[in-house]
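# Residue-level structure breakdown
So you can see what is in the structure, the chains are spelled out below.
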Amino acid sequence: MIAAEQKARTTYDNILRLVDDPDVREPIKFLRQREIVHFQRFGECLRIAQDRGDCKNFYAINQSFDK
């Protein structure tokens, strides 16, 4: 997911370099900012999941969960 957000941001950056029309630029700027926020939030979630990865309640690596 994080890579997709970065790719979308790059696409929006490239569009902004090519377009002069304010009616096109403003929505693209909004979408670009939204991708930046998504990237930040996904990064925070990944960091939290990694920090809690050794927690007993984390089912993905909890051996007792699959019993």
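To start, this report covers the structure provided alongside it.

Our focus in this paragraph is the overall build of the chain. In terms of helices and strands, the chain carries 2 helices and 0 strands. Out of the 67 residues belonging to the chain, those deemed buried represent 15%. When the accessible surface of the chain is summed, it comes to about 5,700 Å², and 56% of that surface belongs to carbon and sulfur atoms.

What follows deals with the side chain of E35. Locating E35 in the fold gives a position in helix α2 (residues 22–51). Note on E35: relative accessible area 8%, which makes it buried. Not counting chain neighbours up to four residues away, the residues in contact with E35 comprise E5, A8, R9 and Y12.

It is worth spelling out helix α1 (residues 2–18) at this point. With 17 residues, α1 should cover 24 Å at 1.5 Å per step; its first-to-last C-alpha distance of 25 Å lies within 8% of that length. On its buried face, α1 is in contact with α2.

Put simply, α1 and α2 touch, their axes get as near as 9 Å, and they point 160 degrees apart. When the interaxial angle is binned, α1 and α2 end up roughly antiparallel. Handedness of the α1/α2 crossing: left-handed. Seen from α1, the contacting residues are I2, E5, Q6, A8, R9, Y12, D13, I15 and L16; seen from α2, they are R25, I28, K29, L31, R32, E35, I36, H38, F39, F42, G43 and L46. Class assignment for the residues of the contact of α1 with α2 results in 11 nonpolar, 3 polar and 7 charged.

Thresholds, definitions, all that
- Residues numbered from 1 in each chain as written.
- Predicted model: local features only at pLDDT ≥ 70, side-chain atom pairs only at ≥ 80, totals over all residues.
- Heavy atoms only, no water.
- Helix = DSSP H or I, 4+ residues; strand = E, 2+ residues; numbered from the N terminus.
- Buried < 20%, exposed > 50% of the residue type's maximum accessible area, 1.4 Å probe, protein only.
- Areas by Shrake-Rupley, 256 points an atom, 1.4 Å probe, with all protein chains shown as cover.
- Contact = heavy atoms within 4.5 Å.
- Expected span 1.5 Å × (residues − 1).
- Axes fitted to C-alpha atoms, helices over the stretch in contact; angles between N-to-C directions.
- Parallel < 35°, antiparallel > 145°, perpendicular 65-115°, else oblique.
- Left-handed = near helix turned anticlockwise from the far one by under 90°.
- Nonpolar A, V, L, I, M, F, W, Y, C, P; charged D, E, K, R; others polar.

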